[in-house]
Amino acid sequence: QQQVKQSPQSLIVQKGGIPIINCAYENTAFDYFPWYQQFPGKGPALLIAIRPDVSEKKEGRFTISFNKSAKQFSLHIMDSQPGDSATYFCAASMSGNTPLVFGKGTRLSVIA
Amino acid sequence: EAGVTQSPTHLIKTRGQQATLRCSPISGHTSVYWYQQALGLGLQFLLWYDEGEERNRGNFPPRFSGRQFPNYSSELNVNALELEDSALYLCASSLEQGLTAFFGQGTRLTVV
C-alpha cells in the first residue's frame, strides 16, 4: 500500500505559537488529502481537507498548504491553544478507488 | 443525526479466542472501513466494505474478516486471537468511496 510520511513524530509549542506538521506522499494519483485530530480514547475527527487543485485552504485557525510538484502538504495551527493538544494524522486517497492511507501521526502538546 | 457507533466499547479476550466487533454507519453512508490502531502506532487499514461487498483489504492475515449487512452495518471478526491483536479498532463510514470518512469511538480489544 502506498505510504504517506508524516513529520515530526511529536511537537511541543507554546500557547499562541504556530505548530506546523508536514506530510509527503508518493502516489501522484492521490486526489484527496484530509487531516484528522484525535484525542486520547476517542476516534479521529475530520479537521480539514484539500484537493490538489488548490494550494491553500483555511478553516478557522487551521490551514492546509499543498505543494503538488513536491508531493507535500502541511497543517498549520494558528494561535495554538492548550485545547489543541492532540494527535494529528494526515491522510490521502484516490477518491472512489481507495480507502484513506494515514500517516503515523504527530503528537502535539501546546503548553501555557 | 447519529454518528458512527461501535460496540462494544471494550472487549477482553483470551489468546486463541474469537472476537466480534460491530459498527453502525451514519445513516445514508454505504461505505464502511475498519482500521487497527495499535498503541503508539498510526491507523492501519484493515477492510473496506461498500454495498455489501468487500472492496479492499489491508495487509492483515485471513483470520481478520468481516461482512457488511443489507442495512450497511458491519462486523469485524478476528479469529485465533494473538496478544499482538490488542489495539483500538476503529470503524469509519463515508458517503462517497474514498472520501471524507467519519470515525466511531472505537472498540478497545485486549487479548490476555
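Just so you know, the residues in each chain are numbered from 1, in the order the chain's sequence is written. Here chains are named by letter from A upward and ligands by number from 1 upward, in the order in which they appear as written. Per-residue local features are limited, in this predicted model, to residues with pLDDT of at least 70; the limit for side-chain atom pairs, both in listing and counting, is 80 or more; totals at the level of whole chains, interfaces and linings are taken over all residues. The basis for every side-chain value is the complete set of heavy atoms in the structure, and neither hydrogens nor water enter the calculation.

1. Let's talk about the overall build of chain B
Inference 1: Comment: elements are numbered from the N terminus, with helices defined as DSSP H or I runs of at least four residues and strands as E runs of at least two. Broken down by element type, chain B carries 0 helices and 11 strands.
Inference 2: Seen in sequence order, chain B has helices and strands lined up from the N terminus as β-β-β-β-β-β-β-β-β-β-β.
Inference 3: Here the globule rule is a power law, 2.2 Å times the number of residues to the power 0.38, and the radius of gyration is based on C-alpha atoms. Relative to its length of 112 residues, chain B is compact, with a C-alpha radius of gyration of 13 Å against a globular reference of 13 Å.
Inference 4: Considering only C-alpha atoms, chain B reaches an extent of 35 × 25 × 25 Å along its principal axes.
Inference 5: Residue burial is assigned from relative accessible area. The probe radius is 1.4 Å, only protein chains are included, and a residue is buried under 20% of its type maximum, exposed over 50%, and partly exposed in between. In chain B, which comprises 112 residues, the share counted as buried stands at 50%.
Inference 6: As displayed, chain B offers around 5300 Å² of accessible surface, 49% of which is attributable to carbon and sulfur atoms.
Inference 7: In this count, Lys and Arg are taken as positive residues and Asp and Glu as negative ones, while His and the chain termini are left out. Where a charge sits is defined by one atom per residue type, namely NZ (Lys), CZ (Arg), CG (Asp) or CD (Glu). Positive and negative side-chain charges of chain B, numbering 8 and 10 respectively, have mean locations separated by a distance of 10 Å. Each accessible area is a Shrake-Rupley result for a 1.4 Å probe, and residues are judged covered by the shown protein chains and nothing else.

2. Notes on the pattern of salt bridges
All names here are of chain B.
Inference 1: Whenever a carboxyl oxygen of Asp or Glu lies within 4 Å of a side-chain nitrogen of Lys or Arg, that contact is scored as a salt bridge. All told, the structure shown has 7 salt bridges over all chains when counted by the stated rule.
Inference 2: For Asp-50, the salt bridge identified is with Arg-55, shortest N-O distance 3.5 Å.
Inference 3: On the accessibility criterion, Asp-50 (3% relative accessible area) is buried.
Inference 4: We classify Arg-55 as partly exposed; its relative accessible area is 43%.
Inference 5: Arg-63 serves as the salt-bridge partner of Asp-85, at 2.7 Å between the closest nitrogen and oxygen.

3. Some words on the interface of chain A and chain B
Inference 1: In this complex, chain A contributes 21 residues to the contact, which on the side of chain B involves 20 residues.
Inference 2: Summing both partners gives a buried area of about 1600 Å² for chain A against chain B, and 56% of it is carried by carbon and sulfur.
Inference 3: By buried area we mean the combined loss of accessible area, with a 1.4 Å probe, across both parts when two parts are placed together. Of all residues in chain A, the largest losses of buried area upon contact with chain B belong to A:Pro44, A:Pro99 and A:Phe102, amounting jointly to 27% of the total for that side.
Inference 4: Where chain A packs against chain B, one counts 0 salt bridges.
Inference 5: As used in this structure description, the phrase polar contact means that two N or O atoms lie within 3.5 Å; if the pair is within protein, one of them must be able to donate a hydrogen and the other to accept it, and residues adjacent in sequence are counted only when both atoms belong to side chains. At the boundary of chain A and chain B, one finds 5 residue pairs in polar contact (both at pLDDT 80 or more).
Inference 6: Tallied by class, the residues present in the side of chain A that touches chain B amount to 8 nonpolar, 10 polar and 3 charged. Note on definitions: a residue-residue contact is assigned when non-hydrogen atoms from the two residues lie within 4.5 Å. Under the scheme applied here, ten amino acids are nonpolar (Ala, Val, Leu, Ile, Met, Phe, Trp, Tyr, Cys and Pro), four are charged (Asp, Glu, Lys and Arg), and all others, including Gly, are polar.

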